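# Commentary on secondary and tertiary structure
Each chain is listed here by its residues.
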Amino acid sequence: MSDISTANGTWSGRFSEPVSDLVKRYTASVFFDCRMAVQDIRGSLAHARMLAKQDIISNQDLSDIERGMSQIAGEIERGEFAWRLDAEDVHMNIEQRLTALIGDAGKRLHTGRSRNDQVATDIRLWLRDAIDTILALIGEFQTSLLKLAEEHAATPLPGHTHLQIAQPVTFGHHLMAYNEMLRRDAERFADVRRRVNRLPLGSAALAGTTYPIDREFVARELDFEEVCENSLDAVSDRDFAIEFCAAVSLAMMHLSRLSEELILWMSPRFGFIDLADRFTTGSSIMPQKKNPDVPELVRGKTGRVNGHLIALLTLMKGQPLAYNKDNQEDKEPLFDAADTMIDTLRIYADMITGIRVKAENMREALKLGFATATDLADYLVKKGLPFRDAHEAVALAVRAAEQQGCDLPDMPLEALRNCMVHVSGAAEKLADDIFGVLTVEGSLASRNHIGGTAPEQVRAAIARARARLAK
Ligand code: ARG
């Protein structure tokens, strides 16, 4: 934006002294709400067209307004528009410039309108665009994620609970867990969009207006699905902004969890992946370092957007109807939440494609935690042992394996039987076919139902996800 001019000037004939420069700066919002200039002009043009259609202003006024607005839009786009702190906000900056350009017709634009319904309209237009960008980016990220998941639909990875090795899963299955989260995120944003997409304009300051306006016409002009049905609510409602921030917080929380995993996996203790160098940075003192700064920042920025959600909830909780100036504070958190979400999704879609998977280390790690112990228990159950007895028999086998420093499939059949003698009926159930069950591949393939980690199921899940994305 160009320099903010602070030329002194009083507000109107109502006031006997000008506000101080400090108060001007304190109350002005043009520093940040100038981001809604395009939406403000679009809303004003729809309003003006309605006024002309209803014979509230003349067609000449309308064509003057259209001409003036088109010049202003060009000035803003080229960075030539002189934003004035003195004019407080984006709405008055544009209106005053319009009047300077076209005279009286500019002064007629605000007929039947207030900045209260104007600003609520602008934010909704702005947020609707932001949501559409976010939805497209979630789709792009999912596309990258599905590609990596497909490549690793059968790559074994230790699945953890309590961060202890639990059971083998495929890396593709693990990635598809995040695809489910992203799918819910997209559903949430699409749902918020429905409530964003209602028109407040026509509510004027709080009570509606005395002019014969046509709100349905304005709604159609601006592609709003509905008209807000209560003027007091329309100018004071910021639920949609709060809902949006809640959806951002949830989506960022998901990406923060993925970030935490990428950070762990990149640490040599895991050594499961490498991130492309363009997402990492070095250390100013330790020459050997390659740090996962981008995922760390995603984790950090999640805290920041959570703050925005709480800021907006707190902003609204004490406000009596209808509009209060407090509402001006809604924009910075909202803009920053949207910016953070958009940048994070953009980075992630790219970062996922640059992941180098170290499958051999994932497989090596699977040897550390008796990951197929549950498979052994399930084997005994299928041969007729009650599950609790099977659990106990395998616990004894794990203890023996641990003492001998080997993994379950490395134990000879006799040794496995011996450690189970105290559980009646267990040892005699064991036969040579147990070793097929105890392998990682056997374990994976046997979880073959919808939602399970069998490679066949992972591929089916990817196919379903692709079909949904294509819609
Ligand atoms: N800049 C104001 C905002 O962001 C516009 C509405 C001002 N309305 C008023 N009555 N002061 O909310």
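Every chain is numbered on its own, with residues counted from 1 as its sequence reads. Residue-level local features of this predicted model are given only where pLDDT is at least 70; pairs of side-chain atoms are given and counted only at 80 or more, and the full residue set underlies all totals for whole chains, interfaces and linings. Remark: hydrogens and water are excluded; side-chain values derive from all non-hydrogen atoms of the structure.

In the annotation of an unreviewed UniProt entry, the protein is listed under the name Argininosuccinate lyase and assigned to Candidatus Dactylopiibacterium carminicum. UniProt positions are given in the numbering used here, feature names are shortened, and annotations may be inferred rather than shown by experiment. The annotation that UniProt attaches to the protein under Catalytic activity (unreviewed entry) is "2-(N(omega)-L-arginino)succinate = fumarate + L-arginine".

### What to know about the site of the ligand
We call a residue near a molecule or strand whenever a single non-hydrogen atom of that residue lies within 4 Å of it. In the vicinity of the ligand, the contacting residues are Ser29, Asp33, Asp89, His91, Arg115, Asn116, Val119, Tyr323, Gln328 and Lys331. Measuring from a nitrogen atom of the ligand, one finds a side-chain N or O atom of Arg115 at 3.4 Å. Contacts to the ligand include Asn116, whose side-chain N or O atom sits 2.9 Å from a nitrogen atom. Taking 340 Å² as the accessible area of the ligand by itself, protein coverage stands at 86%. Put simply, DSSP H or I for four residues or longer makes a helix, DSSP E for two residues or longer makes a strand, and each gets a number counted from the N terminus. By residue number, the principal contributor to the shell around the ligand is helix 7 (residues 115–151), which donates 3 residues. Under the convention adopted here, Pro, Cys and the residues Ala, Val, Leu, Ile, Met, Phe, Trp and Tyr are nonpolar, Asp, Glu, Lys and Arg are charged, and Gly plus all remaining residues are polar. Classifying every residue of the shell around the ligand gives 2 nonpolar, 4 polar and 4 charged. Polar contacts, as used here, are pairs of N or O atoms within 3.5 Å; protein pairs need one atom able to donate a hydrogen and one able to accept it. Residues neighboring in sequence count only if both atoms are side-chain atoms. For the area figures, the Shrake-Rupley method with a 1.4 Å probe applies, and any residue is considered shielded solely by the protein chains shown.

### What to know about the pairing of strand 2 (residues 164–170)
Two strands pair under a simple rule: DSSP has to find at least two bridges between them. As paired elements, strand 1 (residues 156–161) and strand 2 share 6 bridges and run antiparallel to each other. If you follow Thr161 over to strand 2, its bridge partner there is Gln164. Between strand 1 and strand 2, which pair antiparallel and follow one another directly, the connecting turn spans 2 residues, one of which, His162, has a positive phi of 55 degrees.

### Things to note about the nonpolar core
For the purposes of this section, nonpolar cores are sets of buried Ala, Val, Leu, Ile, Met, Phe, Trp, Tyr and Cys residues that join through side-chain atoms within 4.5 Å. In this scheme, a residue with accessible area under 20% of its type's maximum is buried, one over 50% is exposed, and one in between is partly exposed, where area comes from a 1.4 Å probe on protein chains only. Ile65, Phe141, Phe189 and Phe244 are the most contacted members of the largest nonpolar core, which has 106 residues in total. When residues of this core are assigned to their parent elements, the largest contribution, 15 residues, is made by helix 7. When checking whether two residues touch, look at their non-hydrogen atoms; a contact exists if any pair is within 4.5 Å. Setting aside chain neighbours within four positions, we find Ile65 in contact with Leu45, Ala48, Ile57, Leu98, Ile102, Ala105 and Leu109. Membership of the second largest hydrophobic core comes to 26 residues, among which are Phe370, Leu376, Leu413 and Ile434.

### Overview of the UniProt feature "domain: Argininosuccinate lyase C-terminal" (unreviewed entry) in the protein
The feature "domain: Argininosuccinate lyase C-terminal" (unreviewed entry), as annotated in UniProt, sits at residues 370–444 in this numbering. As annotated, residues 370–444 comprises 60% helix and 0% strand, and the C-alpha atoms at either end are separated by 14 Å.

### Describing the packing of aromatic side chains
Two aromatic rings, drawn from Phe, Tyr or Trp (for Trp, its six-membered ring), form a pair once their centres lie within 6.5 Å of each other, and the interplanar angle then sorts them: stacked below 30 degrees, edge-to-face above 60, tilted otherwise. Summed over all chains, the structure comprises 6 aromatic pairs. Here the aromatic rings of Phe81 and Trp83 are separated by 4.5 Å at their centres, their planes lie at 55 degrees, and the arrangement is tilted. Judged by relative accessible area, which is 2%, Phe81 ranks as buried. Between Phe270 and Phe272, the aromatic rings sit 5.4 Å apart at their centres with planes inclined by 90 degrees, giving edge-to-face as the arrangement. According to the relative accessible area criterion, Phe272 is buried, its value standing at 2%. Between Arg35 and the ring centre of Phe335, over which it is positioned, the NZ or CZ distance is 4.9 Å. Two conditions define a charge sitting above a ring: the NZ of Lys or the CZ of Arg must be within 6 Å of the ring centre, and it must be within 35 degrees of the ring normal. The side chain of Lys53 reaches across the aromatic face of Phe217, ending 5.1 Å from its centre.

### Focus: the UniProt feature "domain: Fumarate lyase N-terminal" (unreviewed entry) in the protein
This chain's UniProt record puts "domain: Fumarate lyase N-terminal" (unreviewed entry) on residues 13–307. Helix makes up 62% of residues 13–307 and strand 6%, with an end-to-end C-alpha separation of 41 Å.

### Digging into the pattern of salt bridges
A pairing counts as a salt bridge when a side-chain nitrogen of Lys or Arg comes within 4 Å of a carboxyl oxygen of Asp or Glu. Here the structure, examined in full by the defined rule, presents 39 salt bridges. When the shortest N-O distance is used, the salt bridge between Lys53 and Asp214 registers 2.9 Å. Taken together, the residues Lys53 in helix 3 (residues 37–53) and Asp214 in the loop between strand 3 (198–199) and helix 9 (215–221) connect sequence positions 161 residues apart. Of the charged contacts in the structure, one is a salt bridge between Arg356 and Asp274, with a shortest N-O distance of 3.5 Å. Here the residue Arg356 occupies a position in strand 6 (residues 356–357), and Asp274 occupies one in strand 5 (residues 273–274), the gap between them amounting to 82 residues. Owing to a relative accessible area of 48%, Arg356 belongs among the partly exposed residues under this scheme. The network of salt bridges with common partners includes Asp21, Lys24, Arg84 and Asp86.

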